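Chains, contacts and geometry: an overview
This is what each chain is made of:
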Amino acid sequence: KENEELRPLIMELVKEINDFGAGFHQPTWRDLLVVRMAKWPMHVASGLVWQTKYLFRRLRKLELNDEERQVLTKRAVGPVAWEAVSDADR
C-alpha cells in the first residue's frame, strides 16, 4: 500500500530529471531504432574516412594531430569517463 502511494510522486520526479548521469537520459525521438538506423550509414562512412586518413598519416610516419589524439584518448578511456572529465583536463 505504501508503494502505491509513493509511485505517482516518484513518477513525477523522474519525469523532471533530464540527465540521470553515466550517459543515461530520458528517451527522445532521436533514440528510436528507426532514426538510429537511418543515421547508421553516415556514421559508418565518416568512421571509414577517419580511419583511412589516420592510416595514411601513420604510414607516412607523421605526428598525431590534435583530433587524432582526442579520438584515440576517448577510445582508450571510454565515453563515460570522457564526459566526466572537464574540457581543461582533456
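Residues numbered from 1 in each chain as written. Predicted model: local features only at pLDDT ≥ 70, side-chain atom pairs only at ≥ 80, totals over all residues. Heavy atoms only, no water.

**Let's talk about unusual backbone geometry**
Residues other than glycine predominantly adopt negative phi, and peptide bonds predominantly adopt the trans conformation. With phi around 60 degrees, K61 is a residue other than glycine that occupies positive phi space. Tracing the sequence through the fold places K61 in the loop between α2 (33–59) and α3 (66–77). (Helix = DSSP H or I, 4+ residues; strand = E, 2+ residues; numbered from the N terminus.)

**Structural notes on α2**
Compared with the 39 Å implied by 1.5 Å per residue over 27 residues, the 38 Å span of α2 between its first and last C-alpha is a close match. At K39, α2 shows its maximal kink, close to 35 degrees; a proline, P41, follows between one and four residues later. At the C-terminal side of α2, K61 shows a positive phi close to 60 degrees. (Expected span 1.5 Å × (residues − 1). Bend = angle between axes of the 7 residues up to and from the residue.)

**Digging into helix α1 (residues 2–16)**
When the terminal C-alpha atoms of α1 are compared, their 22 Å separation across 15 residues agrees well with the 21 Å that a helix rising 1.5 Å per residue should span. P8 marks where α1 bends most, by close to 30 degrees. A small share of α1 lies buried, amounting to zero of its 15 residues. (Buried < 20%, exposed > 50% of the residue type's maximum accessible area, 1.4 Å probe, protein only.)

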